[in-house]
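Commentary on secondary and tertiary structure
Residues per chain, in single letters:
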Amino acid sequence: MKHSVKEDSGSLVVGFEGDVDLQNSPQARKVLLEAVGRRQPVLVDLSSVSYIDSSGIACLVESLQAARKAGTAFALVAVSDSALRVLQLARLDTVFTIYGSLADGLAQAG
Amino acid sequence: MTSEDTAPPPAPEGGELIADHLELLAEMGRDFAASLDIDDTVRRALARITRYVDAEGGAVFLLDDDGTQLRCTACVGATDITGLVLGADQGIVGRSVQNNTGEIVRDVSKDPAFYSKVDKQTGFTTRSILCAPMSVQDQRLGAIELVNKRDPGALFDETDLRVLEVLSTSAALALLNARMAEALVEQERVRREIELAAEIQRSLLPAPRPLPFPVHGLNVPARLVSGDFYDFFPLSDGRIAFNLGDVSGKGMNAALLMAKTASLYRCLGKSVGEPGRLLAIINDEICETATRGMFVTMVGGVYDPATGTVRLANAGHEPPLVHAAAGGFTALAAEAPPLGIVPAAGGEGLPETELRLDGGTLYVFTDGVTEGLRADGDRLAVDGFKDHIRAHAGQPTDERLQGVVAPLNPGAGTLHDDITVLAVDDSGPAKERAPAAPAAAAEERSERLLDIRVPARADRLKMIRAAVSQAALQCGCSDAVARDLVIAVDEACQNVIRHAYGGESDSEMVLEIRRAEGKIELLLRDFAETIDTAAVRPRDLGDLRPGGLGTHFIREVMDEVDFLPPPAEGGNLLKMAKRIG
């Protein structure tokens, strides 16, 4: 798994690439919680995620809860098919705000 | 001797003549025997005694239930003191009761125990008192008291006292008899009401339907009323709804909650086709109104004879068993807590399991079945039940249930718990579905696609996922199915790493994938301590917490998920299967 954090139009864009699984979800968790801690809108780009497991989903949920507590926006953008399947299985596809593309997300979250 | 000497004593006013006290006793005995109205009988006895002894008045005092008070329950002549309450040791009557002896007080003004208040209030003058206790053996009931001889010059004598003592003893016996009769009548009334309740309960069970109807049930209550129930009814689309439940506790309150739950299910079951959602609605309903501490374990399901598919939800109930046509058993563990404990969050239904019976039979039963077996040996109760099912496997469904239950119920009154079993038998419908060439599928050999053995480490998961994906695609799974299988295997491996081994380990896990009879089967084995499979439950999705999702994913994407009995050398063996094609 690779990750990136970029600032774009006042939002933080956190991108993951590859597999977010048991082996690297602790790292994903750290990256996400740090981003939320910066009190800017956070957009998580899941377009290049080839696989995400329950531990990866758990990181997203924990970060969403932290963002709600801090009163900052937190959304997923460009969710890949395999990530979307897992979100659906967890019935979380309606809990998260999901934008079809990064551009949409930036326009709405900014 | 003059004629006056031999004449009987003057007749008391309005009364008959009583020649001697033997005759009086006989009269009273007849009265007591003929009447169960105790107050009336005591009053009549008192009147006879008062007349016979030629007293001005008489009163009956009875002890209350806890023996602390004496209450005047009947009164003749003199002044009416019915209802007067004295302490149990108050007055001459109290003393007589306490000492359990009769008394003659010829001049009450010289007896400090005399209770003078009544005379003061009524203006009556009590001169003398004759009093005898009403008691049977050591049981004290009260006393009879007579006041003043009618002839102002006469005094009560020893003969009067003896007569009164004999009469009060026989009055006491009659009183006891009447009280016992009253208790019996009450007991009988309660028994009839319970019988009526039992009759109504039986009417809540569905009428048996003749074969080839595939669903049959059996209930043997341990008492008149039962906390168990089952039901089945056809839906308009040809599917058959069924349920079976067990209310905590026994007796009337359990029976009432059973009636409520069964009625709710029957009523809602015709419009709500998803058993998981139906149980969630009933759960909320019971939570709102049920008595504290009572709950219901229940399995609700829908069976489709056209496909052999069963959809079921299990709320904390004994795992139902599927007896496959080929012979094996699969247990379907509960995935939700019993009904009536916590309201469901966010309107989510209970988790559902969907399975294909493929000519097999689903057995849903209460713990009365397995506990009934526990008593007769140290074998696992469920195994004993399986033996009984196997022994009767060839019989028609209704007879088979009778046969399976018979050994549990050796004779009247020996049952400790209600026995309730329901069977959904797909063997008949399966024949109709596939009249031709049924052998082909069964003959298909199982083919091993993959067999890998790796240490239980997170960094091996990627490789496992790739292997599973390859194997799934190779045996004809669509991309979507292959992706789901990857999710299930990955989560199952995570469970092994995190829960079975308690963290990453160099101990191994073994994954075998094979294709058999139109299914892809995945077997995951570890060598950790055998876990309590009942504790492996998917989390409540209404609860927005990180973690605990894996088991839910597995159950969501796979058709069958079962922990098989651990191999001889220990560890755990998880079998997952999904239909392909």
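This structure is a prediction, so every number in the text was calculated from the model and none was measured.

Summing up its helical and strand segments, chain A has 4 helices and 5 strands in all. Taken from the N to the C terminus, the helices and strands of chain A come in the order β-β-α-β-α-β-α-β-α. Within chain A, the fraction of its 110 residues that count as buried is 54%. Put simply, of all contacts in chain A between residues at least 6 apart along the chain, 68% involve residues at least 24 apart. A total of about 4,700 Å² of accessible surface is found on chain A, and carbon and sulfur atoms cover 46% of it.

Let us look at the overall build of chain B. The secondary structure content of chain B amounts to 16 helices and 21 strands. When burial is assessed residue by residue, chain B has 47% of its 581 residues classed as buried. Intrachain contacts of chain B at a sequence separation of at least 6 include 64% that bridge at least 24 residues. As presented, chain B carries roughly 28,100 Å² of accessible surface, and 52% of it is formed by carbon and sulfur atoms.

Let us look at the sheet that holds strand β10 (residues 296-304) of chain B. All names here are of chain B. Judged by pairing direction, the sheet is antiparallel, and its 5 strands sit side by side in the order β8-β9-β10-β11-β14 without closing on themselves. If you trace the sheet from one side to the other, it starts and ends with β8 (228-234) and β14 (352-356), each paired once. Averaged over all neighbouring strand pairs, the angle between strand axes comes to 15°, with direction disregarded. Where strand β9 (residues 240-247) and β10 come together, 8 bridges link them in antiparallel fashion. Across the sheet, Val 247 pairs through a bridge with Val 296, a residue of β10. Of the strands in this sheet, β8, β9 and β10 touch helix α7 (residues 252-269), which is tilted by about 15° from β8.

Attention shifts here to the nonpolar core. Counting residues in hydrophobic clusters, the biggest one holds 74 residues, and the most contacted among them are Phe 16 and Phe 74 of chain A together with Ile 464 and Met 576 of chain B. Take this core: its biggest share by element is 12 residues, from helix α15 (residues 479-500) of chain B.

Next up on the list: the pattern of salt bridges. All names here are of chain B. Within this structure, the stated rule accounts for 37 salt bridges over all chains. A salt bridge links Glu 274 to Arg 277; the shortest N-O distance between them is 2.9 Å. Residues joined in a network through salt bridges with shared partners are Arg 448, Asp 451, Glu 512, Arg 514, Glu 521 and Lys 575.

Here Leu 211 of chain B and Pro 212 of chain B are connected by a cis peptide whose omega angle stands at 10°. Considering the arrangement of structural elements, one finds Pro 212 of chain B in the loop between α6 (158-204) and β7 (215-220). Backbone geometry at Ser 9 of chain A places phi at a positive 50°, although glycine is not the residue there. In this structure, Asn 100 of chain B is a non-glycine residue whose phi angle is positive, near 55°. In this fold, Asn 100 of chain B is placed in the loop between α4 (91-99) and β4 (103-105). The partly exposed category is assigned to Asn 100 of chain B, whose relative accessible area is 25%.

Before going further, it helps to examine the packing of helix α3 (residues 38-53) of chain B against α6 of chain B. All names here are of chain B. Running from N to C, α3 and α6 cross one another at 175°; their axes reach a closest spacing of 11 Å. Relative to α6, the element α3 lies roughly antiparallel. Facing Ile 38, Ile 49, Tyr 52 and Val 53 of α3, the residues of α6 in contact are Asp 160, Val 163, Leu 164, Leu 167, Ala 174, Leu 175 and Ala 178. Residues belonging to the contact of α3 with α6 are distributed by class as follows: 10 nonpolar, no polar and 1 charged.

Now for the interface of chain B and chain A. Between chain B and chain A, the residue contacts involve 26 residues of the former and 23 residues of the latter. Of the roughly 2,100 Å² buried where chain B meets chain A, counting both sides, 61% is carbon and sulfur surface. For the pair chain B and chain A, the interface holds 5 salt bridges. Asp 19 of chain A is the partner of Lys 462 of chain B in a salt bridge, and the nearest nitrogen-oxygen pair spans 2.9 Å. The interface formed by chain B and chain A includes 9 residue pairs in polar contact (both at pLDDT 80 or more). Put simply, the parts of the chain that give the side of chain B that touches chain A at least two residues each are α14 (461-474), α15 and α16 (550-557) of chain B. With 9 residues, the single largest contributor to the side of chain B that touches chain A is α15 of chain B. When grouped by side-chain class, the residues that make up the side of chain B that touches chain A number 11 nonpolar, 4 polar and 11 charged.

All names here are of chain B. Sheet architecture is open: 5 strands sit in the order β17-β18-β19-β21-β20, paired in antiparallel fashion. One side of each edge strand has no neighbouring strand; the edge strands of this open sheet are β17 (447-455) and β20 (560-564). Taking each pair of neighbouring strands and ignoring which way they run, the sheet shows an average axis angle of 15°. Direction of pairing for strand β18 (residues 508-516) relative to strand β19 (residues 519-526): antiparallel, over a ladder of 8 bridges.

On to the packing of aromatic side chains, then. Under the defined criterion, the tally for this structure stands at 5 aromatic pairs over all chains. Consider the rings of Phe 74 of chain A and Phe 96 of chain A, whose centres lie 6.5 Å apart with planes at 45°: the pair is tilted. Of this pair, Phe 74 of chain A sits in strand β4 (residues 74-77) while Phe 96 of chain A sits in the loop between α3 (81-89) and β5 (97-99), and the two are 22 residues apart along the sequence. In this structure, Phe 74 of chain A and Phe 96 of chain A share a single accessibility class: buried. An angle of 55° between the planes, with centres 4.5 Å apart, marks the rings of Phe 365 of chain B and Phe 385 of chain B as tilted. Within this pair, whereas Phe 365 of chain B is found in strand β15 (residues 361-365), its partner Phe 385 of chain B is found in helix α10 (residues 381-391), the two being separated by 20 residues in sequence. Of the two residues, Phe 365 of chain B and Phe 385 of chain B, both sit in the buried class. An aromatic cluster is defined as three or more aromatic residues linked by ring pairs; in this entry it consists of Phe 213, Tyr 230 and Phe 232 of chain B. The aromatic ring of Phe 233 of chain B is capped on one face by Lys 270 of chain B, whose charged end is 5.5 Å from the ring centroid.

Turning next to α3 of chain B. Residue and element names in this part refer to chain B. With 16 residues, α3 should reach 22 Å at 1.5 Å per residue; the first-to-last C-alpha distance of 22 Å fits that figure. Among the residues of α3, Ile 38, Thr 41, Val 42, Ala 45, Leu 46, Arg 48, Ile 49, Thr 50 and Val 53 are the ones counted as buried. Backbone geometry just after α3 places Asp 54 at a positive phi near 60°.

It is worth spelling out helix α2 (residues 54-70) of chain A at this point. The end-to-end C-alpha separation of α2 of chain A is 24 Å, in line with the 24 Å expected for 17 residues at 1.5 Å each. Where α2 of chain A is concerned, the buried positions are Ser 54, Ser 55, Gly 56, Ile 57, Ala 58, Cys 59, Leu 60, Val 61, Ser 63, Leu 64 and Ala 67 of chain A.

This brings us to the environment of Asp 532 of chain B. Tracing the chain through its elements places Asp 532 of chain B in the loop between β19 and α16. In this structure the C-alpha to C-alpha distance between Asp 532 of chain B and Phe 563 of chain B, which are 31 residues apart in sequence, comes to 9.9 Å.

Right, let's get into the side chain of Ser 25 of chain A. All names here are of chain A. One can find Ser 25 in helix α1 (residues 25-37). According to the relative accessible area criterion, Ser 25 is buried, its value standing at 6%. Among the polar contacts listed, one links the side chain of Ser 25 to the side chain of Ser 55, at a separation of 2.9 Å. Non-local contacts of Ser 25, meaning those with residues more than four positions away in its chain, are made with Ser 55, Gly 56 and Cys 59.

Rules used in this analysis
Every residue gets a number counted from 1 within its own chain, in the order that chain's sequence is written. Chains carry letters from A onward and ligands carry numbers from 1 onward, assigned in written order. Two thresholds apply to this predicted model, a pLDDT of at least 70 for residue-level local features and 80 or more for giving and counting side-chain atom pairs, whereas whole-chain, interface and lining totals are computed over all residues. To get the side-chain values, take all heavy atoms of the structure and skip hydrogens and water. We count a stretch as a helix when DSSP gives it H or I for four or more residues in a row; a strand needs E for two or more, and each element gets its number in order from the N terminus. Exposure categories follow from relative accessible area, calculated using a 1.4 Å probe and restricted to protein chains: below 20% of the type maximum is buried, above 50% is exposed, and the middle band is partly exposed. Whether two residues are in contact is decided by their heavy atoms, any of which lying within 4.5 Å being enough. Accessible areas in this description were obtained via Shrake-Rupley with a 1.4 Å probe; residue shielding takes into account the shown protein chains only. Here, strands pair whenever DSSP counts at least two bridges between them. Geometry is summarised by axes, namely lines fitted to C-alpha atoms with helices restricted to the contacting stretch, and by angles between N-to-C directions that run from 0 to 180 degrees. In these notes, a set of buried Ala, Val, Leu, Ile, Met, Phe, Trp, Tyr and Cys residues joined through side-chain atoms within 4.5 Å is what counts as a nonpolar core. Think of a salt bridge as a Lys or Arg side-chain nitrogen and an Asp or Glu carboxyl oxygen that are within 4 Å of each other. Roughly parallel refers to an angle under 35 degrees, roughly antiparallel to one over 145, roughly perpendicular to one between 65 and 115, and oblique to any angle outside these ranges. Three residue categories are used. Nonpolar comprises Ala, Val, Leu, Ile, Met, Phe, Trp, Tyr, Cys and Pro, charged comprises Asp, Glu, Lys and Arg, and polar comprises the others, including Gly. In this description, buried area is defined as the sum, over both parts, of the accessible area (probe of 1.4 Å) that is lost when the two are combined. Between N or O atoms, a polar contact is any pair within 3.5 Å; within protein, one atom must be a potential hydrogen donor and the other a potential acceptor, and residues adjacent in sequence are included only when both atoms are from side chains. In summary, the pairing rule links any two rings of Phe, Tyr or Trp, Trp by its six-membered ring, whose centres are within 6.5 Å, and it sorts them by plane angle into stacked for under 30 degrees, edge-to-face for over 60 and tilted for everything else. Charges are assigned to positions over rings by a cutoff of 6 Å between ring centre and Lys NZ or Arg CZ, combined with an angular limit of 35 degrees from the ring normal. To estimate how far a helix should reach, multiply one less than its number of residues by 1.5 Å.

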